[in-house]
Amino acid sequence: MAKPLLEFTDKGIYCAQGKFYIDPWKPVDDAVITHAHADHAYWGHINYLAHHLSKEVLFYRLGEINLRTVEYGETVTKNGVHISMYPAGHVIGSAQIRVEYKGVVWVVSGDYKTDDDGISTPFEPVKCHHFISECTFGMPVYSWKPQAEIFTDVNNWWHTNVDNGVATVIVGYSLGKAQRILQNLDLSIGKVYTHGVIENTNEALRRNGVILNPTERITPESSKEEVRKGIILAPPSSVGTPWMRKFGPYSFGYCSGWMALRGAKRRRAADRGFIMSDHADWNGLVSAIDATGCECVYLTHGYTASFTRYLNEIGFNAREVHTLYGGEEEDAVVTENEEKQETSELPKQEKVLSFGEDLGEAKKEDAQ
Ligand SMILES: [Zn+2]
Ligand SMILES: [Zn+2]
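Reference entry: report on the structure contained in this document. Because the structure is predicted, anything quoted here is derived from the model rather than measured.

Turning to the overall build of the chain, a few remarks are in order. Scanning the chain for helices and strands turns up twelve helices and 19 strands. Within the span of the chain, comprising 368 residues, buried residues form 58% of the whole. Here the chain has roughly 14,700 Å² of accessible surface; of this, 50% comes from carbon and sulfur atoms.

Next comes the structure, spelled out in structure tokens:
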């Protein structure tokens, strides 16, 4: 039997025919990158290939790397293997990597979501024989509300805080969630103030030509009274720090798919949990996989055991593969207790990745 076009190695997903890796976690010569999150875009490769909207964020995060960028749909050929990128809808610049050789097509989706967030290029299903997928939220309990409803809640909460003279702090990770929140806030309520980590990412995206709503970076000179009238956009690492406490009294809202678990909100001591994710929910995953028309599915991170079982039951040829993806804030699986308490009525599942959990909250954000 011929060697499969893509293999799972201890450095990452490898194409022997084209001699390149996709999202490798150890230094390699040729790396194709799905998106700029830390668990997919590592430092130390000789050559990088990514979507052009990831360019400035990759430079900001990884420094001077040797990077070639392409548009969606553009083809690069390496030793007869055709590589092209399609929108993954996860964050700005995120791509699914399509790899074709002698009529066989593999797609590596990286992280993805099927709902249009209004800022990332919307997810596009790509026909293939083999599909490599995440399943961060691959349990039926995860079902996202339409984005407009979520932001009605966010804006009403902000408005109420302003009326009550309470500052508003909204937390989301710095690449993806932060820009999605920013673009959907009702700016007639007030101004948007940003933590430095988020503003640096915004600046990188603006250098890349992305038009974002106006923001003001919080500095030691910022007037506390002015900032309190607006909304503060902050990363997870800032929660509970003196930096955040100086704006008190405040109401603190946390935006994550994990907010679907009540324990997650409690553990983070959030006043409000907004269920908002840059990953596909249960239905999104199943429909995305179905739309590829693929025969074989490989599950990289998330609820891989139970989701693999489910896909096999409905007629796919699915299997779990070991990768190091899942270290970013939202990929990371919440504590075992939280899962046990709130998903116990669902089919048996096992925790596949302890990887995300091993990283402390601060380290995870550092990595971003
Ligand atoms: Zn990601
Ligand atoms: Zn990821």
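It is worth spelling out the packing of helix 3 (residues 177-184) against helix 4 (residues 196-207) at this point. Where helix 3 contacts helix 4, the axes come no closer than 10 Å and their chain directions differ by 80 degrees. Our classification of the angle between helix 3 and helix 4 gives roughly perpendicular. Across the interface between the two elements, A178, Q179 and L182 from helix 3 touch I198, T201, N202 and L205 from helix 4. Here the contact of helix 3 with helix 4 is built from residues that sort into four nonpolar, three polar and no charged.

This part covers helix 8 (residues 282-292). Every buried residue of helix 8 is accounted for by W282, G284, L285, V286, A288, I289 and T292. Structurally, helix 8 contributes buried residues whose contacts are with strand 11 (130-135), strand 18 (296-302) and helix 9 (304-313). Positive backbone phi, at 70 degrees, marks G293, one or two positions downstream of helix 8.

Below, the discussion takes up the sheet that holds strand 17 (residues 272-274). Sheet architecture is open: six strands sit in the order 14-13-15-12-16-17, paired in parallel fashion. Of all strands in the sheet, those with a lone pairing partner are strand 14 (216-217) and strand 17, marking the two edges. When strand 12 (residues 167-171) meets strand 16 (residues 250-255), the two strands line up parallel, connected through five bridges. If you follow I170 over to strand 16, its bridge partner there is G253. Its contacts with the sheet put helix 3 on strand 12, strand 13 (192-194), strand 15 (231-234) and strand 16, and the angle it makes with strand 15 is roughly 160 degrees.

Moving on, we come to the pattern of salt bridges. Tallied over the entire structure, the rule returns 13 salt bridges. Taking the shortest distance from any N to any O, the salt bridge between E203 and R217 comes out at 3.3 Å. Of this pair, E203 sits in helix 4 while R217 sits in strand 14, and the two are 14 residues apart along the sequence. The partly exposed category is assigned to E203, whose relative accessible area is 33%. According to the relative accessible area criterion, R217 is partly exposed, its value standing at 28%.

Attention now moves to the sheet that holds strand 11. With mixed pairing, seven strands are arranged side by side in an open sheet as 7-8-9-10-11-18-19. Taken across any chain shown, the strands that pair with only one partner, and hence form the sheet edges, are strand 7 (75-78) and strand 19 (317-320). Here the average twist between neighbouring strands, direction ignored, is 25 degrees. As paired elements, strand 10 (residues 104-108) and strand 11 share three bridges and run parallel to each other. Its bridge partner being in strand 11, V107 is matched across the sheet by F131. Packing of helix 8 onto the sheet brings it into contact with strand 11 and strand 18, and relative to strand 11 it is tilted by some 175 degrees.

Let's shift gears to a positive patch on the surface. Positive charge collects at one region of the surface, where R262, K265, R266 and R272 lie side by side. It is helix 7 (residues 262-267) that contributes the most residues to the positive patch, three residues altogether. Within the element layout of this structure, K265 appears in helix 7. On the basis of relative accessibility, which here comes to 31%, the residue K265 falls in the partly exposed class.

So, on to the pairing of strand 8 (residues 81-87). Along strand 8, six of the seven residues are buried, which leaves the element largely enclosed by surrounding structure. Looking at chain direction, strand 7 and strand 8 are connected through four bridges and run antiparallel. When the bridges of strand 8 are listed, T77 appears paired with H82. The hairpin formed by strand 7 and strand 8 contains two residues between the paired strands, and N79 there has a positive phi angle of roughly 50 degrees. Here strand 8 pairs with strand 9 (residues 95-101) via six bridges, running antiparallel. Paired with H82 across the strands is E100, a residue of strand 9.

Two numbers describe how helix 8 lies on helix 9: the axes approach to 12 Å, and their chain directions differ by 45 degrees. Viewed along their axes, helix 8 and helix 9 adopt a mutual orientation that is oblique. Considering how the two elements wind past one another, helix 8 and helix 9 form a crossing that is right-handed. Judged by residue contacts, W282, L285, V286 and I289 of helix 8 engage F307, Y310 and L311 from helix 9.

Let's shift gears to helix 2 (residues 147-163). Helix length check: helix 2 (17 residues) gives 24 Å between terminal C-alpha atoms against 24 Å at 1.5 Å per residue, within 8%. Among all positions in helix 2, only Q147, I150, F151, V154, N155, W157, W158 and N161 are buried. Down the axis of helix 2, the buried set is contained in an arc of 155 degrees. They therefore lie on one face. Exposed residues on helix 2 whose side chains face more than 90 degrees from its buried face are A148 and D163. Directly after helix 2, the chain includes G165, whose backbone phi takes a positive value near 70 degrees.

The final tally for this structure, using the stated rule, is 17 aromatic pairs. Look at F137 and W258: their rings are 4.5 Å apart centre to centre, the planes differ by 50 degrees, and that puts the pair in the tilted class. Of this pair, F137 sits in the loop between strand 11 and helix 2 while W258 sits in the loop between strand 16 and helix 7, and the two are 121 residues apart along the sequence. On the basis of an interplanar angle of 55 degrees and a centroid distance of 6.1 Å, the ring pair of F252 and Y254 is categorised as tilted. A relative accessible area of 4% places F252 in the buried class. A network of ring pairs unites the aromatic residues F137, Y142, W144, W258 and Y303 as a single cluster.

Conventions adopted
- Residues numbered from 1 in each chain as written.
- Chains lettered and ligands numbered in written order.
- Predicted model: local features only at pLDDT ≥ 70, side-chain atom pairs only at ≥ 80, totals over all residues.
- Heavy atoms only, no water.
- Helix = DSSP H or I, 4+ residues; strand = E, 2+ residues; numbered from the N terminus.
- Buried < 20%, exposed > 50% of the residue type's maximum accessible area, 1.4 Å probe, protein only.
- Areas by Shrake-Rupley, 256 points an atom, 1.4 Å probe, with all protein chains shown as cover.
- Axes fitted to C-alpha atoms, helices over the stretch in contact; angles between N-to-C directions.
- Parallel < 35°, antiparallel > 145°, perpendicular 65-115°, else oblique.
- Contact = heavy atoms within 4.5 Å.
- Nonpolar A, V, L, I, M, F, W, Y, C, P; charged D, E, K, R; others polar.
- Pairing = 2+ DSSP bridges.
- Salt bridge = Lys/Arg side-chain N within 4 Å of Asp/Glu carboxyl O.
- Patch = residues over 30% accessible without salt bridge, like charges linked within 9 Å, V, L, I, M, F, W, Y side chains within 5 Å.
- Lys, Arg positive; Asp, Glu negative; His and termini not counted.
- Charge placed at Lys NZ, Arg CZ, Asp CG, Glu CD.
- Left-handed = near helix turned anticlockwise from the far one by under 90°.
- Expected span 1.5 Å × (residues − 1).
- Arc of directions from axis to C-beta.
- Phe/Tyr/Trp six-rings, centres within 6.5 Å; stacked < 30°, edge-to-face > 60°.

Nothing here speaks to function; it is all geometry.
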